[in-house]
Amino acid sequence: MIRFDHACKRYPPGFDALSDLSFEVAAGELVTLAGHSGAGKSTLLKLIAAIERPTSGAVLVHGQNVGSLKRTAIPYLRRNLGVVFQDQKLLFDRNAFDNVMLPLTISGFPPTEARRRVQAALDKVGLLDRQKAMPIMLSGGEQQRLAIARAVVGRPNLLLADEPTAHLDHETASDVARIFGDFNAVGVTVLIATYDAGLFPQARRLVLDHGRLQ
Amino acid sequence: MTPVWIHQSRDAALLALRRLVVAPVNTLLSVLAIGVALALPAGGQLLLGNAIQLARNSAPTPQISVFMQLDADKRAAHDVEVHLKDHPGVKAFRFIPREDTLARMRASEGLADVIDALPKNPFPDAFAIVPTDPRPSEMEQLAEELRHVPRVDQVELDSDWVRRLNALLRIGRSGVVLLGLLLSVGLVAITFNTIRLQIMTSRAEIEVSRLLGATDTFVRRPFEYFGIFLGLAGGIVALLIVAGTGWWFRQPVSELVRLYSIDFSLRPLSLFDSAVVLLSAAGLGWIGAGLSLRQHLTDE
């Protein structure tokens, strides 16, 4: 599903965020990516979603070399990925429903089917009764769950999450972790960057240290 | 099932409309600026159209006026009449005796006193000739020939002023075109800037949409619609301004032409011209949007 092949990412003027990284994630796996702050966890996720390109080496997703994708092909890669961003990137000018609707609008889903899917996704994360709420009115945990709903509404087979339980109290964090577990249980490959790998006891653990795998 | 791009175009159009409505003051100001800018060439076209109509009404057929020498008697005039009757280049003619001219002039307002003060009739006998061939070159040839007829003093081509008017109208048309081009640039600049502000306020939405797999087309489309709608609204404002101005001038113009006893009424902008205004406004709005997007949307 995901394969890193001697991938490096160097930021100018010469900071190596990731060095000679090689690993694989098989379809249906649940993998956590741990490591200190600045170890390169976010960079690694960004390489998979083609938000950044590797300086050298290859990053393959579904057998496709993401690093050499043409600019015009990147949107179609992203539509097959669900990503929960570290800063969530919710849009505060529209309600919860419309936030989750956005990916389906982008990929051109028929509206009726799309509405049904949005409600299913909101239901899955327990926000169906909050669908009319603006993101600003949601608690931290609810915002996080909203971000997850948006990531999964397109029913991707690969779900990436960057610190999805940061800033949440333990109970809410376990809640969120359980949702990821549920998706994994139905066959979705899940890769989570987290400082608290203990929340995902069933996961295979990768640990990054200064841009290298331990 | 309707194709994807139809949903997406409709969604983009709705989004563009929503963005227009969300900032009503900005929208109104941009639309007014575009409207005023477009009203100038559109108004110029209105004036030009009416001037052309006026020129056609006042000069239905070109004429040649032949004036006899002041001391020529009626016999000389008769000789010319005979000459004209047989001339193949003359389709019709009318003799205007000097006495008639004097009487007509005396009847004109304000001239009676002047004419009474003159020692003798200052007007010559005259002929008004309609030529067989109204082309300017042929008329010129006929006029030249008539100048050599005995006792003829002056020959005037009435087509002269029509030609001068046509030349003036050509200048007017060039002016309208130039004005249109200049103000088109202004219109593009206005949309360019408005879209730039739109892009800046929509940064978060653009960024998130791209992260979720939006293509460039998807991101650009609402802004393109925005530019088109802005241009169209400006075009409508321009047409309203021109129509309003026409309505405002209708009364004074009809009074003026009545004084000149000309059959003329101020015509509104033709359907074709109105369509041209609207289409070019929309097109220029789209171009402004395109340029702005290219400038402000290149980065990932």
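Since the model is a prediction, treat every value here as computed from it, not as a measurement.

Calculation notes
- Residues numbered from 1 in each chain as written.
- Chains lettered and ligands numbered in written order.
- Predicted model: local features only at pLDDT ≥ 70, side-chain atom pairs only at ≥ 80, totals over all residues.
- Helix = DSSP H or I, 4+ residues; strand = E, 2+ residues; numbered from the N terminus.
- Rg over C-alpha atoms; globule rule 2.2 N^0.38 Å.
- Buried ≥ 20, exposed ≤ 12 C-beta atoms within 10 Å, placed from the backbone.
- Pairing = 2+ DSSP bridges.
- Contact = placed C-beta atoms within 7 Å.
- Axes fitted to C-alpha atoms, helices over the stretch in contact; angles between N-to-C directions.
- Domains from an automatic or database assignment.
- Nonpolar A, V, L, I, M, F, W, Y, C, P; charged D, E, K, R; others polar.
- Core = buried A, V, L, I, M, F, W, Y, C linked by C-beta atoms within 7 Å.
- Expected span 1.5 Å × (residues − 1).
- Arc of directions from axis to C-beta.
- Parallel < 35°, antiparallel > 145°, perpendicular 65-115°, else oblique.
- Left-handed = near helix turned anticlockwise from the far one by under 90°.

### Regarding the overall build of chain A
Step number 1: A count of helices and strands for chain A gives 6 helices and 10 strands.
Step number 2: For 214 residues, the compact-globule estimate of 2.2 N^0.38 gives 17 Å, and the C-alpha radius of gyration of chain A, at 17 Å, lies within 12% of that figure.
Step number 3: Seen along its three principal axes, the alpha-carbon backbone of chain A occupies a region of about 45 × 40 × 35 Å.
Step number 4: Burial statistics for chain A: of 214 residues in total, 45% are counted as buried.

### Thoughts on the sheet that holds strand β2 (residues 15–25) of chain A
All names here are of chain A.
Step number 1: Read from one edge to the other, the open sheet built from 4 strands follows the order β2-β1-β4-β5, with strand pairing classed as antiparallel. The open sheet has two edge strands, β2 and β5 (64–65), and neither has a second partner.
Step number 2: As paired strands, strand β1 (residues 2–11) and β2 are joined by 7 bridges and run antiparallel to one another. By the bridge assignment, I2 is partnered in β2 with V25.
Step number 3: Against the sheet, helix α1 (residues 41–48) contacts β1, β2 and β4 (56–61), and its axis sits at roughly 120° relative to β1.

### A look at the pairing of β1(A)
Consecutive residues of a regular strand have side chains that alternate between opposite faces of the sheet.
Residue and element names in this part refer to chain A.
Step number 1: Connecting β1 to the antiparallel partner β2 that follows it, the hairpin turn spans 3 residues.
Step number 2: Relative to β4, β1 runs antiparallel, the two sharing 5 bridges. In the sheet register, R3 faces β4, and the bridge partner there is L60.

### What about the sheet that holds strand β3 (residues 30–35) of chain A?
All names here are of chain A.
Step number 1: Sheet architecture is open: 6 strands sit in the order β6-β7-β8-β3-β9-β10, paired in mixed fashion. At either margin of the open sheet sits one strand with a lone partner, and together these are β6 (81–84) and β10 (212–213).
Step number 2: Bridge count for β3 against strand β9 (residues 204–209) is 5 bridges, and the pairing is parallel. In the strand pairing of β9, A34 is matched with V207.
Step number 3: Its contacts with the sheet place helix α5 (residues 140–152) against β6 and β7 (158–162), and it is angled at close to 165° to β6.

### Regarding the domain arrangement of chain A
All names here are of chain A.
Step number 1: Structurally, chain A comprises domain 1 (1–80 + 157–214) and domain 2 (91–155).
Step number 2: Taken together, the contact between domain 1 and domain 2 spans 10 residues of the former and 10 residues of the latter.
Step number 3: When residues of the side of domain 1 that touches domain 2 are assigned to their parent elements, the largest contribution, 5 residues, is made by helix α6 (residues 170–185).
Step number 4: Per-class residue counts for the side of domain 1 that touches domain 2 are 6 nonpolar, 2 polar and 2 charged.

### Here's the deal with the interface of chain A and chain B
Step number 1: Opposite the 15 residues of chain A that make contact, chain B presents 15 residues.
Step number 2: The greatest single-element share of the side of chain A that touches chain B, amounting to 5 residues, is contributed by helix α3 (residues 96–107) of chain A.
Step number 3: Taken together, the residues that form the side of chain A that touches chain B break down as 9 nonpolar, 3 polar and 3 charged.

### Here we look at the domain arrangement of chain B
Step number 1: Domain annotation for chain B reports domain 1 (8–59 + 163–296) and domain 2 (64–157).
Step number 2: Just the C-alpha atoms count here: the centres of domain 1 of chain B and domain 2 of chain B sit 52 Å apart.

### Let's talk about α1(A)
Along an α-helix, residues three or four positions apart point the same way, because every turn accommodates 3.6 residues.
Residues and elements named next belong to chain A.
Step number 1: Taken across its 8 residues, α1 has 6 buried, putting it largely inside the fold.
Step number 2: Among all positions of α1, only K41, T43, L44, L45, L47 and I48 are buried.
Step number 3: Remark: A50 follows α1 within two positions and exhibits a positive phi of approximately 60°.

### Brief notes about the environment of B:F67
Residue and element names in this part refer to chain B.
Step number 1: Tracing the backbone through its elements, the reader meets F67 in strand β1 (residues 64–68).
Step number 2: Its 18 C-beta neighbours within 10 Å are what place F67 among the partly exposed residues.
Step number 3: Counting along the chain gives 207 residues from F67 to S274, while the straight-line C-alpha distance between them is 47 Å.
Step number 4: Not counting chain neighbours up to four residues away, the residues in contact with F67 comprise P124, A126, D153 and Q154.

### Describing the environment of B:H87
Step number 1: Tracing the backbone through its elements, the reader meets B:H87 in the loop between α3 (74–86) and β2 (90–96).
Step number 2: Sequence separation of B:H87 and B:L142 is 55 residues, and the distance between their C-alpha atoms is 9.8 Å.

### Topic: unusual backbone geometry
Residue and element names in this part refer to chain A.
Step number 1: In this structure, the amide linkage connecting P12 to the following residue, P13, adopts the cis form with an omega of 10°.
Step number 2: The topology assignment puts P13 in the loop between β1 and β2.
Step number 3: Phi angles above zero are rare outside glycine, and Q88 is one such case at about 65°.
Step number 4: Here Q88 is to be found in the loop between β6 and α3.
Step number 5: The phi dihedral of E163 is positive, around 50°, even though this residue is not glycine.
Step number 6: Topologically, E163 is positioned in the loop between β7 and α6.
Step number 7: Given 21 C-beta atoms within 10 Å, E163 falls into the buried group.

### Description of the nonpolar core
All names here are of chain A.
Step number 1: Core analysis: the biggest nonpolar cluster contains 71 residues, and L33, I48, V100, V118, A149, L159 and L160 have the highest contact counts within it.
Step number 2: The element best represented in this core is α3, accounting for 7 residues.
Step number 3: Discounting chain neighbours no more than four positions away, the residues touching V100 are V118, A121, L122, A149, R150 and V153.

### Notes on helix α1 (residues 4–22) of chain B
Residues and elements named next belong to chain B.
Step number 1: Between the first and last C-alpha of α1 there are 27 Å, a value that for 19 residues agrees with the 27 Å anticipated at 1.5 Å per step.
Step number 2: Taken residue by residue, α1 has A12, A16 and L20 as its buried positions. Looking straight down α1, one finds its buried side chains confined to an arc of 75°; they lie on one side. Opposite the buried face of α1, by more than 90 degrees, sit the exposed residues V4, I6, L14, R18, V21 and V22.

### Details of the packing of α1(B) against helix α9 (residues 216–259) of chain B
Residues and elements named next belong to chain B.
Step number 1: For the pair α1 and α9, the least separation of the axes is 8 Å and the interaxial angle reads 55°. Judged on the interaxial angle alone, α9 and α1 are oblique. Of the two elements, α1 crosses α9, and the hand of that crossing is right-handed. Contact residues: Q8, S9, A12, A13, L15, A16, L17, R19 and L20 in α1; F218, R221, P222, Y225, F226 and F229 in α9.
Step number 2: Its residues assigned to classes, the contact of α1 with α9 comprises 11 nonpolar, 2 polar and 2 charged.

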